[in-house]
Amino acid sequence: MNVEVSNWQHIEHLFGEVPAKERAVILEKFEHKPFEEGQTILTDGSQSDQMFIVAQGELLIFLNSPEGRIDLRHAKPGDFFGEVSVFDPGPVSANVEAQTDGDLLAIKNTDLFRLFVSNSKLVAPLMKNLSIHLTECLRKTSAANFHLDHGTWHRDDPEQHPHGFLDWVKGLFFGHEDSDEH
Amino acid sequence: MSINPTLQKMPIFEGFAKDEMAAIEHALAIENYEDQHEFIREGDQKMSHSQDAMYIVIEGEVNVMIRDKESNTFHNVSTLKPGSVFGVMSLIAPGRRAATCLASGEVKAASMNKAAFDYLFNANVSLGARFQFALVRQLARDLRLANDRLYREICSRAKREN
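The rules behind the values
- Residues numbered from 1 in each chain as written.
- Chains lettered and ligands numbered in written order.
- Predicted model: local features only at pLDDT ≥ 70, side-chain atom pairs only at ≥ 80, totals over all residues.
- Heavy atoms only, no water.
- Buried < 20%, exposed > 50% of the residue type's maximum accessible area, 1.4 Å probe, protein only.
- Helix = DSSP H or I, 4+ residues; strand = E, 2+ residues; numbered from the N terminus.
- Arc of directions from axis to C-beta.
- Contact = heavy atoms within 4.5 Å.
- Buried area = accessible area lost by both parts, 1.4 Å probe.
- Salt bridge = Lys/Arg side-chain N within 4 Å of Asp/Glu carboxyl O.
- Pairing = 2+ DSSP bridges.
- Axes fitted to C-alpha atoms, helices over the stretch in contact; angles between N-to-C directions.
- Parallel < 35°, antiparallel > 145°, perpendicular 65-115°, else oblique.
- Nonpolar A, V, L, I, M, F, W, Y, C, P; charged D, E, K, R; others polar.
- Phe/Tyr/Trp six-rings, centres within 6.5 Å; stacked < 30°, edge-to-face > 60°.
- 1 Å grid on protein atoms, 1.4 Å probe; cavity = no way out; pocket = protein on both sides within 12 Å on 5 of 7 lines; lining within 4 Å.
- Points joined across faces, edges and corners; volume = space filled by probe spheres on them.

Enquirer: Sorry if this is basic, but what is going on with helix α2 (residues 18–26) of chain B here?
Expert: Count 3.6 residues to each turn of an α-helix, and residues three or four apart come out pointing the same way. For α2(B), the set of buried residues is B:E20, B:M21, B:I24 and B:E25. Down the axis of α2(B), the buried side of the element spans an arc of 135°, and every buried residue falls inside it.

Okay, structure coming up:
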């Protein structure tokens, strides 16, 4: 077993109530990945088939543009990323860099698949939670792309978005006191 | 056994053997729908066990509409083509519908309602789980495409705003 049972607290919110004796079945599929401050976890364009859950520490998710780095969000204990790649392995769309020392719990596409097929009732809450998350993200992203196509993201009052387009996107996805959610 | 060749070629069914496809197809209902047929309505709560369904577009196109809260108008945020899947959440996590899906012209689609999905799952847990995993994989693929587009736009606008 790669991961101690004490790490359960960091993934518990995704799996719901699971009897203690069955937690080991799930944790066995996760790989413990410690990281150091400044370490690159994922690079835009690189191939990935994993989802990562933050056990300890903090990471930054960002894009690289011709004008420099664009910060999207910080991932803290209990947060996760890579939820697209774990179901659909492929190129990563953003960069992830450690802001502090910490630990990740990672699961690969093949391991998640085998875990679900062999223990479908046990893993059903995780599948449900991830499905809801993917659906909600798809809804918001589709809405954002629509507003981009039609130039309606700023409404009629640019002052509602003093920091510009990126602020509006962040507000749409992550909540921001200065942003107007569509 | 006779398997719909169009269905078998769809990306969502990659990796399934012929006998598995036959079992899945047995749980699907293939129908023709007229223009503007409303498959799903945004905001609707869980319907009856037979009405909650996911759909696979076989022929034609389906518009995905989301209501803008401020203007109370509907925006067509995407158009689904043959091979696309929608209504997945009705099988996995029934609740309020996230969008409205309308037929754009005549549409042929395969549907699987919750009762049929549960039957498939209970009759063959492994197949049911693999099929559910395939449905969620399709959600992830759709999100990947949408994210890539949004991120390209973010990077492009960063340049313009600077």
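Enquirer: How should the interface of chain B and chain A be read in this particular structure?
Expert: One frequent convention defines the size of an interface as the accessible area lost when the parts assemble. Between chain B and chain A, the residue contacts involve 40 residues of the former and 48 residues of the latter. Taken together, the two surfaces of chain B and chain A that pack against each other cover about 4100 Å², and 69% of this comes from carbon and sulfur. In this structure, the connection of chain B to chain A is made through three salt bridges. Taking the shortest distance from any N to any O, the salt bridge between A:D88 and B:R141 comes out at 3.2 Å.

Enquirer: Would you mind going over the sheet that holds strand β5 (residues 59–65) of chain A with me for this structure?
Expert: Strand pairing in a sheet takes place through backbone hydrogen bonds and is either antiparallel or parallel in direction. Residue and element names in this part refer to chain A. Pairing within the open sheet is antiparallel, and its four strands lie in the order β2-β9-β5-β6. In this open sheet, the two strands that pair with only one neighbour each are β2 (40–42) and β6 (68–75). Strand-to-strand, the axes of this sheet are offset by a mean angle of 35°, without reference to chain direction. Pairing geometry for β5 and β6, over seven bridges, is antiparallel. When the bridges of β6 are listed, F62 appears paired with D71.

Enquirer: Mind showing me how you'd approach the pairing of strand β6 (residues 100–113) of chain B here?
Expert: Note on strand geometry: in a regular strand, side chains alternate between the two faces of the sheet. All names here are of chain B. With five bridges joining them, strand β1 (residues 29–33) and β6 adopt antiparallel strand pairing. Counted as the bridge partner of Y33 is V107 from β6. The pairing of strand β2 (residues 38–40) with β6 spans two bridges and is antiparallel. Each bridged residue has a counterpart across the sheet, and for E38 the counterpart in β6 is L102. Pairing geometry for strand β3 (residues 53–68) and β6, over eleven bridges, is antiparallel.

Enquirer: Sorry, what's going on with the packing of helix α3 (residues 109–118) of chain A against helix α4 (residues 120–150) of chain A here?
Expert: Angle between the axes and distance between the axes: these two values describe a pair of packed helices. All names here are of chain A. Direction vectors running N to C along α3 and α4 enclose 125°, while the axes themselves pass 6 Å from each other. On the basis of the axis angle, α3 is oblique to α4. Along the contact surface, α3 presents L112, L115, F116, V117 and S118, while α4 presents S120, V123, A124, L126 and M127. Along the lines of polarity and charge, the residues of the contact of α3 with α4 split into eight nonpolar, two polar and no charged.

Enquirer: Would you take a moment to explain the packing of aromatic side chains for this structure?
Expert: Given two aromatic rings, their pairing is described by the distance between the two centres and the angle made by the two planes. Counted by the stated rule, this structure contains 13 aromatic pairs over all chains. Consider the rings of A:F87 and B:F133, whose centres lie 5.1 Å apart with planes at 50°: the pair is tilted. Here A:F87 is found in the loop between β7 (80–81) and β8 (90–91), whereas its partner B:F133 is found in helix α5 (residues 125–161) on a different chain. Of the two residues, A:F87 and B:F133, neither departs from the other in class, the shared state being buried. Aromatic side chains B:F13 and B:F131 sit 6.2 Å apart centroid to centroid with 5° between the ring planes, which places their arrangement in the stacked category.

Enquirer: Looking at this structure, I do not really get the pattern of salt bridges. What am I missing?
Expert: As a working rule, side chains carrying opposite charge can pair if their charged atoms are close by. Counted by the stated rule, this structure contains ten salt bridges over all chains. In this structure, A:D88 engages B:R144 in a salt bridge whose closest nitrogen and oxygen atoms are separated by 3.0 Å. Here the residue A:D88 occupies a position in the loop between β7 and β8, and B:R144 occupies one in helix α5, the pair thus bridging two chains. Comparing A:D88 with B:R144 shows no difference in burial state: the two are buried.

Enquirer: For this particular structure, what's the right way to read unusual backbone geometry?
Expert: The general pattern is negative phi for most residues beyond glycine and trans for most peptide bonds. Residue and element names in this part refer to chain B. Residues other than glycine seldom take positive phi values, yet Q36 does so here, at roughly 70°. With respect to the helices and strands, the residue Q36 is situated in the loop between β1 and β2. With a relative accessible area of 48%, Q36 lands in the partly exposed category.

Enquirer: I'm lost on the layout of surface pockets in this one. Help?
Expert: In this approach the atoms are scanned with a rolling probe the size of a water molecule, which exposes any empty space left behind. Considering only enclosed or pocket space, the largest pocket measures out at about 1100 Å³ in volume. Contributing to the lining of the largest pocket are 42 residues, with A:T135, A:L138, A:R139, B:V64 and B:L139 lying nearest its centre. At the level of elements, α4 of chain A together with β3, β4 (73–80), β5 (85–86), α3 (89–92) and α5 of chain B are the ones that each hand at least two residues to the lining of the largest pocket. For the lining of the largest pocket, the element with the highest residue contribution is α5(B), accounting for eight residues. Residues of the lining of the largest pocket, tallied by class, amount to 19 nonpolar, eleven polar and twelve charged. Taken together, 36 residues form the lining of the second largest pocket, with A:R73, A:F81, A:E83, B:N147 and B:Y151 sitting closest to its centre.

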